[in-house]
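# Examination of the molecular architecture
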Amino acid sequence: MAFTRRDWLKTTGAGLAAAPAALADFQDYFQPASASAPAVTRATSCCGICSPACGLQATIQDGVVRFIEGLPGDAHGLGHLCGKGAASVNYLYDPDRLKYPMKRTNPKKGFHEDPGWVRISWQEALDEIAFRMKQTVDNYGREALLFVTLPSPDLWLRFMNAMGVVNRVDHRDECFLTDMIIQRYTTGGKTWCNDFENSKYILLFGWDIVAKAKIIYASGIVEARKRGAKVVHFSPNYTATSRFANEWIPVKPGSDLAIALAMIQVIISENIYNREFVDNYTNFGKYESEIRAHFAQYTPEWAETISGVKAADIRRIAREFASSGPAIAPAHKKTLCANYMNGTQLVHAISILNILAGTIDRPGGRYFPRTHSIPGVDAVYPPPAYPPKAGRRVDGRDKLPLVQEVDAGLFSTLADGMLNKYPGMIKFAFWNAYTILAFPNPKTMEEAMKTVDFTVVMDFIPTDTVSMADIVLPSTMYLEVNDAVARDYNAKYPQTVARAAISPPPFETRSIGWVAIELGKRLCPDYFKTPDGSWISPATLLDEKVRRAGLGENFADFRAKGIVERPAPFTPRTSFVSVSGAEGKCQIYVPQFPARGADPLPKWVPKRDEPNEHYPYYYMTFIPAIHKRNTTQNMAILNEIMPTNHAIINPAMAKKHGISEGQKVLVRSRAGQIELPAHLSETVPPDVVMVAHGFGHASRALSKAGGKGVRDGDLIANPSIDDFIKAGNYGGSSCIMDAVCSIEPL
């Protein structure tokens, strides 16, 4: 409707007779500024974007979180936040957040089907879920339940244990599963602690540590350089870490294992290992003849033919690593542990390098965290005996004894198990905070999900996984819950930060711990009662955890402190591996492995897919520093910085195929194909096509990320458990980047 001069006269008082009415209109639309200052408070918590959980403090005005920054005194963030953490207000107030429980009305499922959501109550949702679970167990047994979730928080794990869930699956085979296994048997357990700042020699295989926004690691390596440490980076592409390093050495993708094996050969054959540590704290002496004989074949000259790195350079780096200590070769997550079929052997070789350097739990090396002992729910309220977990593993994990021991994985073989090994076995699925984009070949996982009779998804934004659900549950996020978070990345003495809700849960969102209790009341009530017969209260439980850990009288007291620490001198360990037969020593040769289908020493295993006449190029993926895997693409600020992905190729490849900057290209592998714009960069080798992970969300309910970019996983073939066994992949490395491809302009 047009605004006329007559209207203007009415509202400006030009007509005196209209003045009272105009004033009333004005007051309807405008309010005078408050005479009092806005209510501004500050609250302490910690981030939940990634695992270091850096401490943060929030500025809150009139109940609205306005600004988030680092928490001074925090051992992880060191008073800082990365861009993702600082932008997390976007996460909190994402307008696309799931608000209420919803039920599907369209029985046809698929990423591009309209689910026909209707709002339901929590009561209706929980009753329906409990009914479906009980019906499934009664008719098909516990093996017919699938839970796609991490085994946390403890209340949620208690519920799954009480239900005897056999098939709980998580992503750790795509992350650090192999290192969990190897460190358990070689040094005493997986640790995130790397004493970079006191190291004199830092050896990095592939890991782009500087660009991963892990503040504690980046700060440590920067401090080490200031103190004169040398940083060597083996990597196919030239990264931020390559620029930062003293020396960048290009390698063929998937060949790092050959270099590590050859370095061990040099160090052992020249007897330049740390004798004091190796003689006193390892089993080298007991298996010396086997170890020397095994590694003799892996000469630098042999490794040169595989990796493309000159033998003289490998020999020189090995000697420097052994003699310039303290030295460290970290293995963190995906890059080293899960990219290729030979990931398990690589982390075993890297663990041996650290042992030979004599820096396990020593200054300048990998060390074990010193933390407060925070009890779990089972310690506070001991449960009745859990039922046995009897039944078949749909992902085939029980075929890999070492993987079964650590109870982690297997995303990578789940679709093959659901579609081919045990079709129709899974009748009920509960997904908690995972997206299908995390799987190799998401299209296959979409087909696998269609075979499930009833699916529940709990999340806080409408992901592609949500679009496949029968019932959706809206979840809280980390800025809306309370917890006690122990520092385990920088932990030479105990420090714990209070994760305190800085904003109340919006709409009808709930935590997964609350859902565990409510489902427990319906399905397994004896596991969710306290000794006096009342229901477990999450708040009372947290108070008791805090009290027993010595963090405060209760959570309110702990929250007021923000950080609790117990400074103490760092005393190196003298006892390490605790598995039977290890005698408390670090194990180079792992005598327990053969009985579990594994090799006692790492041997050369090639990557799964090698370039060939049909697919002549290596395919590489990466997680950009701007985003966390596949979960932050809908955050407004981060989306504005990086809204989509490209096929990054070397100008020489572009010239060969007649591809120009920004031109759309077709990239194909044996598993599928993607179409996306090309970006030309000298940082990528001429035989590599590189694509960022995390894009290609199909869900149009994600107003910023939906429909943008392509899924890098569409080119990754689904492995089977048989593939793993045949290749000697006893640690379950997911091969999440193990593909080759072709490229052509469109």
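To keep things clear, this report deals only with the structure shown in the data block. (Residues numbered from 1 in each chain as written. Predicted model: local features only at pLDDT ≥ 70, side-chain atom pairs only at ≥ 80, totals over all residues. Heavy atoms only, no water.)

## Points about the overall build of the chain
Note the threshold: Secondary structure elements are taken from DSSP: a helix is a run of H or I of four residues or more, a strand is a run of E of two residues or more, and numbering for both begins at the N terminus. For the radius of gyration, the atoms used are the C-alpha atoms, and the globule rule reads 2.2 Å times the number of residues raised to 0.38. Each residue gets one of three labels from its accessible area relative to the maximum for its type: buried under 20%, exposed over 50%, partly exposed in between, using a 1.4 Å probe on protein chains only. Whether two residues touch is decided by their heavy atoms; if any such pair falls within 4.5 Å, the residues are in contact. To measure how exposed things are, a 1.4 Å probe is used in the Shrake-Rupley method; for residues, cover is taken only from the protein chains shown. Counted as positive: Lys and Arg. Counted as negative: Asp and Glu. His and the chain ends are not counted at all. For charged residues, the charge sits on one atom: NZ in Lys, CZ in Arg, CG in Asp, CD in Glu.
On a plain count of helices and strands, the chain comes out with 26 helices and 25 strands. On C-alpha atoms alone, the chain measures out to a radius of gyration of 28 Å, which is about the 27 Å that the 2.2 N^0.38 rule sets for 746 residues. A burial count over the chain gives 57% of its 746 residues as buried. In the chain, of all internal contacts separated by at least 6 residues, the share reaching a separation of at least 24 is 73%. Roughly 28,600 Å² of accessible area belongs to the chain as shown, and the carbon and sulfur atoms make up 53% of that amount. Of the charged side chains in the chain, 82 are positive and 76 negative, and the gap between their average positions amounts to 1 Å.

## Some remarks on the pairing of strand 16 (residues 471–474)
For the record, the criterion: Only strands joined by at least two bridges in the DSSP assignment are considered to pair.
The alternating pattern of strand 16 places Ile-471 and Leu-473 on one face and Val-472 and Pro-474 on the opposite face, and all of these are buried. With 2 bridges connecting them, strand 4 (residues 102–103) and strand 16 associate as antiparallel partners. Directly across from Met-102, in strand 16, lies its bridge partner Val-472. Sheet analysis places strand 15 (residues 454–459) next to strand 16, joined by 4 bridges and oriented parallel. Bridged to Val-456 within strand 16 is Ile-471.

## Points about the side chain of Arg-711
Going by this rule: Counting of polar contacts relies on pairs of N or O atoms within 3.5 Å, with two restrictions inside protein: one atom must be capable of donating a hydrogen and the other of accepting it, and residues adjacent in sequence are counted only when both atoms are side-chain atoms.
One can find Arg-711 in the loop between strand 24 (688–692) and helix 26 (721–727). By relative accessible area, which is 9% here, Arg-711 ends up buried. Polar side-chain contacts of Arg-711 include one of 3.0 Å to the side chain of Asp-714. In this structure, Arg-711 is in contact with Phe-111, Leu-437, Pro-442, Lys-443, Ile-674, Phe-695 and Gly-696, ignoring residues within four places of it in sequence.

## A few points about helix 8 (residues 215–226)
Since there are 3.6 residues in each turn of an α-helix, residues three or four apart along the chain are aligned in direction. Worth spelling out the cut-off: What a helix should span is 1.5 Å times the count of its residues minus one.
In this model, helix 8 (12 residues) spans 16 Å end to end at C-alpha, consistent with the 16 Å of a helix rising 1.5 Å per residue. Turning to helix 8, its buried residues are Ile-215, Ile-216, Tyr-217, Gly-220, Ile-221 and Ala-224. Where helix 8 is buried, its residues contact strand 8 (193–194), strand 9 (201–205), strand 10 (230–234) and helix 9 (240–244). A positive backbone phi angle near 100° is found at Gly-228, which sits one or two residues after helix 8.

## Examining the packing of helix 10 (residues 256–269) against helix 12 (residues 288–295)
How two helices sit against one another is set out by the angle between their axes and by the gap between those axes. Applied cut-off: Comment: axis = line fitted to C-alpha atoms, over the contacting stretch for helices; angle = value between 0 and 180 degrees taken between N-to-C directions. If an angle is under 35 degrees, it is roughly parallel; if it is over 145, roughly antiparallel; if it lies from 65 to 115, roughly perpendicular; otherwise it is oblique. With the far helix as reference, a near helix turned anticlockwise by less than a right angle produces a left-handed crossing, and one turned clockwise produces a right-handed crossing. Residue polarity follows a fixed list, in which Ala, Val, Leu, Ile, Met, Phe, Trp, Tyr, Cys and Pro are nonpolar, Asp, Glu, Lys and Arg are charged, and the others, Gly among them, are polar.
Interaxial distance between helix 10 and helix 12 falls to 9 Å at its minimum, and their mutual angle equals 125°. Relative to helix 12, the element helix 10 is oriented oblique. Here the hand of the crossing between helix 10 and helix 12 comes out left-handed. In this structure, helix 10 uses Leu-261, Ile-264, Gln-265, Ile-268 and Ser-269 to contact helix 12, whose residues at the interface are Ile-291, Arg-292 and Phe-295. Its residues placed into classes, the contact of helix 10 with helix 12 shows 5 nonpolar, 2 polar and 1 charged.

## Brief notes about the sheet that holds strand 11 (residues 247–249)
Overall, parallel pairing links the 4 strands, which are arranged 11-10-9-12 in an open sheet. Lying at the two open borders of the sheet, with one neighbouring strand each, are strand 11 and strand 12 (327–328). As paired elements, strand 10 and strand 11 share 3 bridges and run parallel to each other. Bridge assignment links His-233 to a residue of strand 11, and that residue is Trp-248. Most of the contacts of helix 10 go to strand 9, to which it runs at about 145°, and overall it touches strand 9 and strand 10.

## Looking at the environment of Ile-215
Within the secondary structure, Ile-215 is located in helix 8. Since its relative accessible area comes to 13%, Ile-215 is described here as buried. For the pair Ile-215 and Glu-301, spaced 86 residues apart in sequence, the C-alpha separation works out to 38 Å. Ignoring anything within four residues of it in the chain, the contact list for Ile-215 reads His-76, Gly-77, His-80, Leu-81 and Cys-82.

## Quick notes on the state of the cysteines
This is how the line gets drawn: In this description, the term disulfide denotes a pair of cysteine sulfurs within 2.5 Å.
Within the structure shown, the criterion is met by 0 disulfides. No disulfide involves Cys-193; its sulfur sits 14 Å from the nearest other cysteine sulfur, which is in Cys-54. Overall, Cys-193 belongs to the buried group, its relative accessible area being 0%.

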